[in-house]
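Reading the structure
One-letter residues, chain by chain:
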Amino acid sequence: MRVLIVEDDGVLADGLIRYLQQAGYGTLLAGNGHEADLMLSNEEFDVVILDLGLPGLDGVEVLRRLRARKQQVCVMIITARDAVEDRVLGLDRGADDYLIKPFALAELEARLRAILRRRMASTGSEIAYGPLVLDLEARRATLQGEPLRLTAREWQLLEFFVLRAGKMVSKSQIAAAISNSDNDPSQTSIEVHVSRLRAKIEGAGIRIRSIRGFGYYLERPAD
């Protein structure tokens, strides 16, 4: 996933870049609105993380121009402006979500995943990964053409791994991705869920590798 971060606060921008790169996203930075508008006019991105209070060309105008070009890239607004009118304006201009500063980086990534799921579901997209196919809208999977029976946790894990295929992910990243307000997973329970998921998919040649001291990664399927 290619992410354009549009943020003029150097400290926040650096933190976003490091966090998202560790989570497996490819990131580029635009430090002002004019630079962002130029990059969006000439390059393809999956997601834009867009500050509103930018020098020169503000975020609302960047967003207006983006949608005027009929570009369907997902947009997450991040801003210190917490007035209802600002949120309404950003959403009306075509933003997919809105997050008020300060925010937790784990929440930002969770919202990005939710945006991408909704966008894929709205276009009827499925993710094909070798013999494995994930239907994000229906939240079900097939393996070699047969339904794959998964618990809710196993589905969350499988979706998380497939979206980061070939990227190392830590147990803490997995915990942040699959946690909820009622039941946050421990590292031991993550190991158990990963082990059970492995047992269901490895017979088809799809392997989740463990790297001691680092975490896991899902091998890309052979061509």
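Okay, so let's go over this structure. As the structure is a computational prediction, the values presented were derived from the model and not from experiment.

Where a protein is soluble and globular, its nonpolar side chains tend to be buried together. Ranked by size, the top nonpolar core spans 29 residues in total, and within it Leu132, Leu134, Leu158, Phe161 and Ile174 carry the most contacts. Of all the elements in the fold, those that place two or more residues in this core are strand 6 (127-129), strand 7 (132-135), strand 8 (140-143), helix 6 (152-163), helix 7 (171-178), helix 8 (187-201) and strand 11 (215-218). Among the elements that line this core, the one with the most residues is helix 6, at 6 residues. Contact partners of Phe161, with chain neighbours within four places excluded, come to Val169, Ile174, Val194, Leu197, Ile208, Tyr216 and Leu218. Within the second largest apolar cluster, 21 residues are counted, among which are Val6, Ala30, Leu40 and Ile77.

Let us look at the side chain of Glu109. Tracing the backbone through its elements, the reader meets Glu109 in helix 5 (residues 105-122). Glu109 has contacts with Tyr19, Ala23, Tyr25, Phe160 and Arg164, leaving out every residue within four places of it along the chain.

Turning to the packing of helix 6 against helix 7, a few remarks are in order. At a minimum axis separation of 10 Å, helix 6 and helix 7 run at an interaxial angle of 120 degrees. Judged by the inter-axis angle, helix 6 sits oblique to helix 7. Read as a crossing pair, helix 6 and helix 7 show a hand that is right-handed. Mapping the contact onto sequence places Arg153, Gln156, Leu157, Phe160 and Phe161 in helix 6 and Gln173, Ile174, Ala177 and Ile178 in helix 7. Tallied by class, the residues present in the contact of helix 6 with helix 7 amount to 6 nonpolar, 2 polar and 1 charged.

Rules used throughout
Residues numbered from 1 in each chain as written. Predicted model: local features only at pLDDT ≥ 70, side-chain atom pairs only at ≥ 80, totals over all residues. Heavy atoms only, no water. Core = buried A, V, L, I, M, F, W, Y, C linked by side-chain atoms within 4.5 Å. Buried < 20%, exposed > 50% of the residue type's maximum accessible area, 1.4 Å probe, protein only. Helix = DSSP H or I, 4+ residues; strand = E, 2+ residues; numbered from the N terminus. Contact = heavy atoms within 4.5 Å. Axes fitted to C-alpha atoms, helices over the stretch in contact; angles between N-to-C directions. Parallel < 35°, antiparallel > 145°, perpendicular 65-115°, else oblique. Left-handed = near helix turned anticlockwise from the far one by under 90°. Nonpolar A, V, L, I, M, F, W, Y, C, P; charged D, E, K, R; others polar.

So, to be careful, I would describe these as geometric facts and stop short of saying anything about function.
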